[in-house]
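Spelled out from the first residue to the last, the chains are:
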Amino acid sequence: LLYKPDTHAYLLGVQLNKDSVNSKSRTRLINDVLTQVKIFEKNTKLTCVLSGLPYIRTTIGNRIKQEMNWFLIGSILLSAVTLLLFFRSISATAISLFVVLAGVVCCLGTIVLLGYKITLLTALIPPLVVVIGVPNCIYFLNKYHTAYKEKQDKQLALITMVGRMGIVTLFCNIAAAIGFAVFALTRSALLKEFGAVAGINIMLLFFISLIFIPAVLSYLPEPKNRHVQYLENKTIEKILAKIERWVFHHKIWIYGIAIITSVFAIVGLFKLKSEGFIVDDLPKSDKIYTDLRWFEKNFDGIMPLEIIVDTKKKNGLLRNTTAINKMDELSVFIANKSETGRPLSFVEGLKFAKQAFYDGDSASYTVPYEGDLAFLAPYLKTKKEENNVAEKKQSPANLLKGFIDSNRQIARISVNMKDIGSVQLPILLQEFEKKSGEIFDSAAYKVTFTGSSVTFLEGSSFIIKGLKESILYAFLLITLCMLYLFRSVRILFCSLIPNVLPLVFTAGLMGWMGVALTPSTVLVFSVALGIVIDVTIRFLINYKQELPHYNHQVKQTLIQTIQHTGISIIYTSMVLIAGFVIFCFSDFGGTKSLGWLTSFTLVVGTITNLVLLPVLILGLSRREK
């Protein structure tokens, strides 16, 4: 249990106080332990390897907090630089930054007011608020500059901006908020917190943008020529001209490419696997990961699996040796598995005691006979006469308290196991449960499997299931919003295809690249759906608003929509993609996947909305005539 002869490795177990581990002082507690370890290493010139769930959780929690600060600063700086390059205006950049900073303050305030803590998910919300808030500012400012360029009147430009972009931004933010808020409908506490905070603050962003931007612009001087030069960007104009040419002259090619890539993505979709590990978010070179693997190699892991054996009778464990023998049989079966270490229970304690009684003879390290229980009884009694607290803590009876209850009815078998993942773990547990069913009669015994390994498995599958359900809810709710907004089944059909395809492509890419479906990667689909639908809403509302101005001529209206809305869509997509790319620099695999997968989805979403959506509108409108 404590020594590995072939590698000369010794194991030291530190049991941490439950109240301290679950409080704010856990970081100080872990640091105090680490300080002593470093002193020991310095004095002895020996190398220590550390692991264990309290240590892993505390260290990862502190890293998440640090990452949140860096990502927040990074996303704000990147947004500032991007906005300055687009608008060539310090005032426009300052307005946008104030909006997103106000959103971040509201976000952090919401977390505190609702009594939530910073977790791996809630830590993502402030940078997400920045990334989602900037497009609001770009669309408002873009419409203001476009209107001013046409009318050369600041007041009319402001009225046009609020009138045209108010309803567009409202429904875009509703769609994005739905994409996040549906997590609150799941039964996972982590997802509920993430969904509630994100949903509330995305809607707050809309009101901050709608009230603050027009108010400040009304006090600022009229835009100068350099402020509206980005509207005549030659590169983007060429891209939009090519898109326009493809939409009207290469429709068959667009349909063909969409179908072929969809088939390729669907094949990849069937390769998609759902598997998670307790530390799968960490890079393979990280010290926490390598130390955990060291423990798995030398001491068969540290992930706790607890087995509770209830005899259903008072003193049922020690009335005779039946229960003891059954527990030993199950322990031997578990110990023979390569995935698990040697189980520890009060039966092992009785074996130690028997060996000690026979002067340390290793042959006596066996399950006691009924006659042996008489002389072993003193080891199981509490010495009330002991006044020394340290002695009480180290007495055999006190050590056994963690493995047997005071009525001697319920016993615990504690097993350390490897982090074998959510695919192999259920199979292994099923073997253990089957064996325990063969050993223990269910009429006389109740055997329960629990521990962090089991709760991780249940929690991981629970979260993935909740995320899948939330994506379905989000899709249905967004569909209803689109139907209410456009009052047309034809437009609804046109809008859904360009939003479903990016999600299918992302899932297919994950399948082909071997990226597993974990709580972190499933999050991508809901986040992307809420953001990509923005592009569709903005394009379709602009199309709907321009249609009467062009006497309901679909072709002319589409040309106008591609030229005018296309600029802001491309700029916004560039900002969003750049914002999510920041997450690729995370130390956590899940956050990194969220960054590059969401960026990929946004790229595909921008293409499908600018190229495929107009083709669908054009084709269906002709059929309707």
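Look above for the structure.
### Here's the deal with the overall build of the protein chain
Then comes step 1: Secondary structure summary: the protein chain contains 21 helices and five strands in total.
Then comes step 2: Projected onto the principal axes, the alpha-carbon positions of the protein chain cover approximately 100 × 50 × 40 Å.
Then comes step 3: For the protein chain, buried positions account for 51% of its 625 residues.
Then comes step 4: Pairs at least 24 residues apart make up 77% of the contacts formed inside the protein chain by residues separated by at least 6 positions.
Then comes step 5: Within the structure as shown, the protein chain displays about 30500 Å² of accessible surface, and the carbon and sulfur contribution to it stands at 61%.
Then comes step 6: Each charge class in the protein chain was averaged separately, 65 positive and 44 negative side chains, and the resulting centres sit 9 Å apart.

### Here we look at the state of the cysteines
What makes a disulfide is a covalent bond joining the sulfur atoms belonging to two cysteines.
Then comes step 1: Under the criterion given, the structure shown has zero disulfides.
Then comes step 2: There is no disulfide at C137, and the cysteine sulfur nearest it, in C106, is 13 Å away.

### Let's talk about the nonpolar core
Then comes step 1: Core analysis: the biggest nonpolar cluster contains 127 residues, and I213, I537 and I617 have the highest contact counts within it.
Then comes step 2: No other element matches the 16 residues that helix α19 (residues 519-546) contributes to this core.
Then comes step 3: Ignoring sequence-local partners within four residues, the contact set of I537 consists of V168, F171, C172, A175, M482, L485 and F486.
Then comes step 4: Counting residues in each nonpolar core, the second largest holds 54 residues, with I30, I60, M327 and V347 among its members.

### Brief notes about the packing of aromatic side chains
What describes a pair of aromatic rings is the distance from one ring centre to the other and the angle between the planes of the rings.
Then comes step 1: Applying the stated criterion across every chain yields a total of ten aromatic pairs.
Then comes step 2: Centre to centre, the rings of F98 and F212 are 4.3 Å apart; their planes meet at 20 degrees, and the pair counts as stacked. Separated by 114 residues along the polypeptide, F98 in helix α4 (residues 90-113) and F212 in helix α7 (residues 189-219) bring together distant segments of the chain.
Then comes step 3: Judged by its relative accessible area of 23%, F212 falls in the partly exposed class.
Then comes step 4: Of the aromatic side chains, those joined through ring pairs into one cluster are W294, F295 and F299.
Then comes step 5: Here R412 stacks its cationic end above the ring of F403, 5.0 Å away from the centre of that ring.
Then comes step 6: Its guanidinium or amino end placed over the ring of F248, K555 lies 5.4 Å from that ring's centre, counting from NZ or CZ.

### A look at empty space enclosed by the protein
Then comes step 1: All chains considered together, the criterion is met by five cavities of 30 Å³ or more.
Then comes step 2: Looking at the largest cavity, its volume works out to about 140 Å³.
Then comes step 3: The wall of the largest cavity is formed by 13 residues, among which K143, M165, N542, T565 and S568 lie closest to the centre.
Then comes step 4: Across the lining of the largest cavity, the residue classes tally to three nonpolar, seven polar and three charged.
Then comes step 5: In this structure, the second largest cavity encloses a volume near 80 Å³.
Then comes step 6: If you trace the second largest cavity, you find it lined by I132, P135, N136, Y139, N173, I531, D534, V535, R538, T572 and L576.
Then comes step 7: Of the residues in the lining of the second largest cavity, the class split is six nonpolar, three polar and two charged.

### Regarding the side chain of E348
Then comes step 1: Looking at where E348 falls in the secondary structure, it is placed in helix α12 (residues 346-357).
Then comes step 2: Beyond its immediate sequence surroundings of up to four residues, E348 is in contact with D328, R342, P343 and Y365.

### Notes on the side chain of S345
Then comes step 1: Along the chain, S345 turns up in the loop between α11 (322-335) and α12.
Then comes step 2: Once residues within four sequence positions are removed from consideration, S345 is found in contact with M327, F403, R412 and I413.

### Observations concerning a nonpolar patch on the surface
Then comes step 1: A cluster of nonpolar residues, Y255, I259, V263, F264, V267, W512 and M513, forms a patch on the protein surface that exposes about 690 Å² of accessible area.
Then comes step 2: Secondary structure elements with two or more residues in the nonpolar patch: α9 (251-269) and α18 (489-513).
Then comes step 3: Among the elements that take part in the nonpolar patch, α9 stands out by supplying five residues, more than any other.
Then comes step 4: Within the secondary structure, V267 is located in helix α9.
Then comes step 5: Accessibility expressed as a relative area gives 39% for V267, which makes it partly exposed.

### Remarks on a positive patch on the surface
Then comes step 1: A grouping of K24, R26, K65 and K117 is seen on the molecular surface, where their side chains present a positively charged patch.
Then comes step 2: Note that K65 resides in helix α3 (residues 53-87).
Then comes step 3: Since its relative accessible area comes to 52%, K65 is described here as exposed.

### Section: the environment of F333
Then comes step 1: Structurally, F333 is set in helix α11.
Then comes step 2: On the basis of relative accessible area, F333 is assigned to the partly exposed category, the value being 23%.
Then comes step 3: With 99 residues separating them along the chain, F333 and F432 place their C-alpha atoms 8.3 Å apart.
Then comes step 4: Excluding residues that lie within four positions of it along the chain, F333 makes contacts with E431, F432 and K435.

### Topic: the packing of helix α2 (residues 26-44) against α3
Then comes step 1: It is at 10 Å that the axes of α2 and α3 come closest, and there the two elements cross at 115 degrees. The way α2 lies across α3 gives a crossing that is left-handed. Packed against α2, whose contacting residues are R26, T27, I30 and L34, the element α3 presents P54, Y55, T58 and N62 at the interface.

### A short note on the pattern of salt bridges
Then comes step 1: A complete count under the given rule lists eleven salt bridges for this structure.
Then comes step 2: R342 is the salt-bridge partner of E348, the closest N and O atoms lying 3.3 Å from each other.
Then comes step 3: Assessed through its relative accessible area of 5%, E348 is described here as buried.
Then comes step 4: The shortest N-O distance in the salt bridge between E438 and K435 comes to 4.0 Å. Separated by three residues within a single helix, E438 and K435 lie in helix α16 (residues 421-439), roughly one turn from each other.
Then comes step 5: K435 sits in the partly exposed class, given a relative accessible area of 21%.
Then comes step 6: One salt-bridge network, in which partners are shared between bridges, spans D328, R342, E348 and K351.

### Focus: unusual backbone geometry
Across residues other than glycine, the phi torsion is negative in most instances, and most of the peptide bonds are trans.
Then comes step 1: Despite not being glycine, K45 has its phi angle at roughly 60 degrees, a positive value.
Then comes step 2: Mapped onto the elements, K45 comes out in the loop between α2 and α3.
Then comes step 3: The backbone phi angle of K312 is positive, close to 65 degrees, even though this residue is not glycine.
Then comes step 4: Judged by relative accessible area, which is 43%, K312 ranks as partly exposed.

Thresholds, definitions, all that
Counting of residues starts from 1 at the beginning of each chain's written sequence and follows it residue by residue. Only residues with pLDDT of at least 70 get local features here, since the model is predicted, and only at 80 or more are side-chain atom pairs given and counted; chain-wide, interface and lining totals rely on the full set of residues. Side-chain figures throughout are based on the complete set of non-hydrogen atoms in the structure, without hydrogens or water. Helix and strand assignments come from DSSP, with helices taken as H or I runs of at least 4 residues and strands as E runs of at least 2, each series counted from the N terminus. In this scheme, a residue with accessible area under 20% of its type's maximum is buried, one over 50% is exposed, and one in between is partly exposed, where area comes from a 1.4 Å probe on protein chains only. Residue contacts are defined here by distance: any two heavy atoms, one from each residue, within 4.5 Å place the two residues in contact. In these tables, accessible area is a Shrake-Rupley quantity obtained with a 1.4 Å probe, and a residue counts as shielded only by the protein chains included in the view. When charges are tallied, Lys and Arg are placed among the positive residues and Asp and Glu among the negative ones, while His and the ends of the chain are skipped. Here the site of a charge means atom NZ of a Lys, CZ of an Arg, CG of an Asp or CD of a Glu. When two cysteine sulfur atoms lie within 2.5 Å, the pair is treated as a disulfide. The term nonpolar core refers to a set of buried residues drawn from Ala, Val, Leu, Ile, Met, Phe, Trp, Tyr and Cys, joined through side-chain atoms within 4.5 Å. Working definition: rings of Phe, Tyr and Trp (its six-membered ring) pair if their centres are within 6.5 Å, and the pair is stacked with planes under 30 degrees apart, edge-to-face with planes over 60 apart, and tilted otherwise. A ring is scored as having a charge over it whenever the NZ atom of a lysine or the CZ atom of an arginine sits within 6 Å of its centre and within 35 degrees of its normal. Points on a 1 Å grid over protein atoms alone make up a cavity when a 1.4 Å probe fits among them but cannot get out, and a pocket when they form an open set with protein on both sides within 12 Å along at least five of seven lines; lining residues each have an atom within 4 Å of a point. Grid points are joined across faces, edges and corners, and a volume is the space filled by probe spheres set on the points. Throughout, the ten residues Ala, Val, Leu, Ile, Met, Phe, Trp, Tyr, Cys and Pro are labelled nonpolar, Asp, Glu, Lys and Arg are labelled charged, and all others, Gly among them, are labelled polar. The residues that make up patches have over 30% relative accessible area and no salt bridge, and they are joined within 9 Å when like-charged or within 5 Å when they are Val, Leu, Ile, Met, Phe, Trp or Tyr. Throughout this description, the term salt bridge denotes a Lys or Arg side-chain nitrogen within 4 Å of a carboxyl oxygen of Asp or Glu. Think of each axis as a best-fit line through the C-alpha atoms, taken over the contacting stretch in the case of a helix, with angles from 0 to 180 degrees between the N-to-C directions. The crossing is said to be left-handed when, going from far helix to near helix, the turn is anticlockwise and less than a right angle, and right-handed when the turn is clockwise.

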